[in-house]
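# Residue-level structure breakdown
Listed below are the residues making up each chain.
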Amino acid sequence: MKRIKCPRIRKLSADRPEASIQQAEKELTKLQKMTRQSTVFGEEIEDLVDQLRQVAAPSSEPFIFTSILEENKKLLQSIFKDCGDIEFRNFDAGGKSALLVYLEGMADTSNLERNVIKPLMSQTAPDNPNTGNLSEIFTTMKGISEHILGASSVSVLTKANAAIDAVMMGNALLLIDGISEGLSISAVKYVKRNIGGANNEHILRGPNEAFNEGLTDNIVLIRRRSRDTNIKVQILKIGERTKTSVAILYVANLVKPGLVEEVERRIKLIDTDKVLASARIEEFIVDHPWSPFPQVQTTERPDKVLAALYEGRVGIIVDGTPATLLVPCTYNVLMQSPDDYTIQPVIASLIRLTRNVTAFIAIYLPAIYVSVVSYHPGMLPTTMAISVAELRARTPFPSFLEAIMMELLLEVFQEAIVRLPQRLSGAATMVGAFMVGTTIVQAGLINPLLVVVVAITAISSYSMPSYTFNLALRWLRIPMLVLASILGLYGVIIGILAVTIHACSLRSFGESYIGGLFDITLLSDWKDGVVRLPSKLLKERPKEFGAKDLTRGGEEDG
Amino acid sequence: MLFLRNFGVGKWSKICLGSILFITISLLIGGCWDQRELQERLFVLAVAIDKADEGGDTKEEKEKKSIENFVQPHGNKLYRLSYQILQLTPASGSGEGARKASISTYVISSTGESMFEMLRDMLGQVSKGFWFEHLQAIVISEAAARQGGLQPLIDLFRRDTEMRWLIKLLITSGEAKKLLEYKPPDGEPGGIFLSDSLHLYKKNPHVPGWIPGLGETSQAIDNKKTVQISRVELVEDIVKIGGTALFKEGKFVGYIDEYATKGTAFFSAAEKSAIITIECPDHPGKILAFELFRHETKLTVHVNGEDIYYTLDIGMKGNLGESQCGNQYDTMDEEAIHKVELLVAEEVKHNILYAFHMYQELQVDPGDFGTKLRAYQPLAWERVKEHWDEAAFPNVSLFPSVNVTIENIGSHK
């Protein structure tokens, strides 16, 4: 028999060197280099254009104001090129031409008309008694702002960057021929939501005002609740492009030394183009971004923020987001609700204990169910084992698959109800109730006991005061289920250990996430932690957050 | 790896990813080894051990027996092992009424010598594996116990990991398998019925106290003590538990009746409650019952030269539970009540001595006496320990002294 000679199969690159992966990589890097270079070129050309355009501006400024109004206007127009909502208003002020630049819709035009344009234009009238020193006043912006303008908040700007920022914030910029300065007139007025009730953290008794999107309004909501000059507000601008205002709030004589500086440092380190929601800030400043647990407390309630500030914590309000951040954040504070303080202490204590139990149930109950049913049915009392076995007698799937399917179904329903328009979500609820409650069980696909287990788990996780913590519990259920299905109760115990160790080693701005609960030196924090004692007995602030002054009362204040 | 590098994954992250992968794979390979769903297990609720040739007299049953059999390389056909197995009736979804109130069971058997071999042979009669973690009771027939003693019968159940210490042991003089086939009237499985019935020992002085579990029996065997096992009898469709079977060194010795079982409990205050009946003081032939609530018992051993004797001091408190002495009998009369107290004390003494003499006749120490002697009079124990049960124990004497207080009489003026 003739043997067919077969050429040895080799790599393609051995025959064709240009097809090798090193070669491709080399080409790729070359291409990347070229793209990079082209962007650099582009930037350089842009810089050259800028340099040609301006007279002698320092490198950080786009231009400098000149004393010729027409030139200033041209420079501004080149900056605001194609910004259709920028309004340039020319008028005559005391014989000189003036220019008002503002953002349409952000500036209060009637205010500007009344307090800026009208007083300035009236200066041209010959019967004005002040005409004598008019020319003197019109030499500086300071003079104009002091003598003529009726606006409440003005500031003289000499730098072009500051002037542009002022316009973009909604202020009006006033330029007058012959003066190489600008005047920023604060007349911000834009459409915004009214202060509404707390939708996501509704409580039964107690205040129900909630933050809205405006930073100043939000700060007002806090200021209005306390006449304390020690509440400090520090405003930073974050975001390369959006330049979002971020306010850091703290009580100067309470907060743990170094905490504010650390918060400030972390916020300043944020390197991003945009900040649209406070969650973005949260992700940048947390210690462990990969952990499922929320390491920053979020709230939309001003009273909650104030209570936290007086415990020595720091609040972060982000412009444009009602959800305000509170740090440091531990398991303990996430387990508290403002309602705990409006009901009787004994009841509140019981509710808090219940919450801790339900947190445990929300993570581990399905896992315990799966491990007991598939690995250790001997642990059940005999009569219960018999009834569980009868319930499961015709179930086609192993308990793990069953549980995963139910969890999946539950997540799908939750997602559907959240995503659907409000009018349709009722329909989704109905479908869910019918499908799971009756049909699936009747069809024998899933046994009723598992439905009970999953329902208890879901309800337990809903009872968490913090939505982000609820999400963490929901997430943790799945790995626990997998562990339980592979190793039975050993797996569940390994899971409990892993979660506990992780939560103990997790730090939020230096405070252990769950370790404070087990720290004997912090035992006095249990008074307003695991339980809640009557307010008369809560004379001390929590030690955990290291407040400078631990006594709440006045007489022992230092 | 090019892909990973693009995501900025460094050396440490690679190691982490690798170890996570390793752990996951080893868990998936090594885990799940004993996973068996609840409904995939056959609940064995009770076990019966008979002599191989016991029962089965009709032709039909003989035929049945011939198939419950296998070829056996070693040993003889000594025992017949029967399992009571839970029959899973699925709870159908159509409403409450569909749930069956009773739980059905069925019984399968095999004959052989090794219990384990019979167990595995019986797998030929079922479709799922046996599971013993909810085993409730082991019923042993007297004939099987007499044949080879207790040890070969329960060794498997003491050794295997699935067995629990609270499995109840019972002895019957008839055929044990019949007890597994017995269906309790309220629909619960027979194994649970037997086990729960024994749990009533707190109120029922006719079964031995907290003794007949497999664990306690094992301890008694290992400590070479007398083993006491409850007796159960089945006639027609009536099951009755009462009385005790005694085993000495694994050998069946005999039964003691309900009265002696109650007396045994008084030796060591093993009862929580007991009913003690006496004749009415002034109306002979009529009955009065004392309900025991609390008692304190102190058994003391005394050695006087060669002579060994015991004193038993008992203080009892309880109620006057029932009086059939007629209306003229005045229970409000303190004198009369005091008389009753004395009579009850007499009755308890009688009961104790009745039980004690029964043990002496059977030459079996119920457990308390030898232990006391060894603990308090070790020199005397050394002298008699070789032949304690046969020679020394039947000759010791017991002097009970009983003090009874009646607290409540349950009547008013």
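- As recorded in an unreviewed UniProt entry, chain B goes by Germination protein, Ger(X)C family and comes from Pelosinus fermentans JBW45.
- Recorded in UniProt under Sequence similarities (unreviewed entry), the annotation for chain B is "Belongs to the GerABKC lipoprotein family."
- Turning to chain B, the UniProt annotation filed under Subcellular location (unreviewed entry) states: "Membrane".

- As recorded by an unreviewed UniProt entry, chain A carries the name GerA spore germination protein and is attributed to Pelosinus fermentans JBW45.
- Heading Sequence similarities (unreviewed entry) of the UniProt record for chain A holds this comment: "Belongs to the GerABKA family."

### Structural notes on unusual backbone geometry
- Between valine 327 of chain A and the following residue, proline 328 of chain A, the backbone shows a cis peptide bond with an omega angle of -10°.
- As for its placement among the helices and strands, proline 328 of chain A is situated in the loop between strand E10 (324-327) and helix H12 (331-334).
- The phi angle at glutamate 249 of chain B is positive, at roughly 50°, despite the residue not being glycine.
- Relative to the elements of secondary structure, glutamate 249 of chain B occurs in the loop between strand E8 (238-248) and strand E9 (251-256).
- If you check the backbone angles, glutamine 363 of chain B has positive phi at about 60° while not being a glycine.
- By secondary structure assignment, the location of glutamine 363 of chain B is in the loop between helix H11 (334-362) and helix H12 (368-376).

### Looking at a negative patch on the surface
All names here are of chain A.
- Together, Glu43, Glu44, Glu46 and Asp47 make up a negatively charged patch on the protein surface.
- Looking at the element boundaries, glutamate 44 is found in helix H2 (residues 21-53).
- Here glutamate 44 falls in the partly exposed class, since its relative accessible area comes to 44%.

### A word on the domain arrangement of chain B
All names here are of chain B.
- For chain B, the domain assignment lists domain 1 (38-89 + 99-256) and domain 2 (262-408).
- For domain 1 versus domain 2, the distance between C-alpha centres works out to 34 Å.
- In this complex, domain 1 contributes 14 residues to the contact, which on the side of domain 2 involves 16 residues.
- On the domain 1 side of the interface with domain 2, the three residues burying the most area are Pro205, Lys248 and Ile256, jointly 38% of the side's total.
- Put simply, domain 1 and domain 2 have 0 salt bridges between them.
- Our count for the contact surface shared by domain 1 and domain 2 stands at 3 residue pairs in polar contact (both at pLDDT 80 or more).
- Of all elements in the fold, only E8 and E9 reach the threshold of two or more residues within the side of domain 1 that touches domain 2.
- It is E9 that contributes the most residues to the side of domain 1 that touches domain 2, 3 residues altogether.
- Tallied by class, the residues present in the side of domain 1 that touches domain 2 amount to 7 nonpolar, 3 polar and 4 charged.

### Concerning a nonpolar patch on the surface
- On the surface, Phe41, Ile45 and Val49 of chain A cluster together into a nonpolar patch covering about 300 Å² of accessible area.
- Inspection of the secondary structure puts phenylalanine 41 of chain A in helix H2.

### A closer look at the UniProt feature "transmembrane region" (unreviewed entry) in chain A
- According to UniProt, the "transmembrane region" (unreviewed entry) feature falls on residues 357-377, 430-458 and 478-499 of chain A.
- As annotated, residues 357-377 of chain A has a helix share of 86% and a strand share of 0%, and its two end C-alpha atoms lie 23 Å apart.

### Quick word on the nonpolar core
Residue and element names in this part refer to chain B.
- Ranked by internal contacts, the top residues of the largest apolar core, which has 46 residues, are Phe266, Phe267, Tyr310, Phe369, Leu373, Trp388 and Leu398.
- Ranked by the residues each element gives to this core, the list is headed by H11, at 10 residues.
- Counting residues in hydrophobic clusters, the runner-up holds 39 residues, among them Leu81, Met122, Phe132 and Leu150.

### Observations regarding the sheet that holds strand E12 (residues 307-323) of chain B
Residue and element names in this part refer to chain B.
- The sheet built from 4 strands is open, its strands ordered E10-E11-E12-E13 with mixed pairing. Where the open sheet ends on each side, the last strands, each with one partner, are strand E10 (274-279) and strand E13 (397-408). Across the sheet, the mean angle separating the axes of adjacent strands is 40° when strand polarity is ignored.
- Looking at chain direction, strand E11 (residues 287-304) and E12 are connected through 16 bridges and run antiparallel. Among the inter-strand pairings, glutamate 296 is bridged to a residue of E12, identified as glycine 315.

Calculation criteria
- Residues numbered from 1 in each chain as written.
- Chains lettered and ligands numbered in written order.
- Predicted model: local features only at pLDDT ≥ 70, side-chain atom pairs only at ≥ 80, totals over all residues.
- Heavy atoms only, no water.
- UniProt positions renumbered as here; feature names shortened; annotations may be inferred.
- Helix = DSSP H or I, 4+ residues; strand = E, 2+ residues; numbered from the N terminus.
- Patch = residues over 30% accessible without salt bridge, like charges linked within 9 Å, V, L, I, M, F, W, Y side chains within 5 Å.
- Areas by Shrake-Rupley, 256 points an atom, 1.4 Å probe, with all protein chains shown as cover.
- Salt bridge = Lys/Arg side-chain N within 4 Å of Asp/Glu carboxyl O.
- Lys, Arg positive; Asp, Glu negative; His and termini not counted.
- Charge placed at Lys NZ, Arg CZ, Asp CG, Glu CD.
- Buried < 20%, exposed > 50% of the residue type's maximum accessible area, 1.4 Å probe, protein only.
- Domains from an automatic or database assignment.
- Contact = heavy atoms within 4.5 Å.
- Buried area = accessible area lost by both parts, 1.4 Å probe.
- Polar contact = N/O pair within 3.5 Å; in protein donor to acceptor, adjacent residues only side chain to side chain.
- Nonpolar A, V, L, I, M, F, W, Y, C, P; charged D, E, K, R; others polar.
- Core = buried A, V, L, I, M, F, W, Y, C linked by side-chain atoms within 4.5 Å.
- Pairing = 2+ DSSP bridges.
- Axes fitted to C-alpha atoms, helices over the stretch in contact; angles between N-to-C directions.

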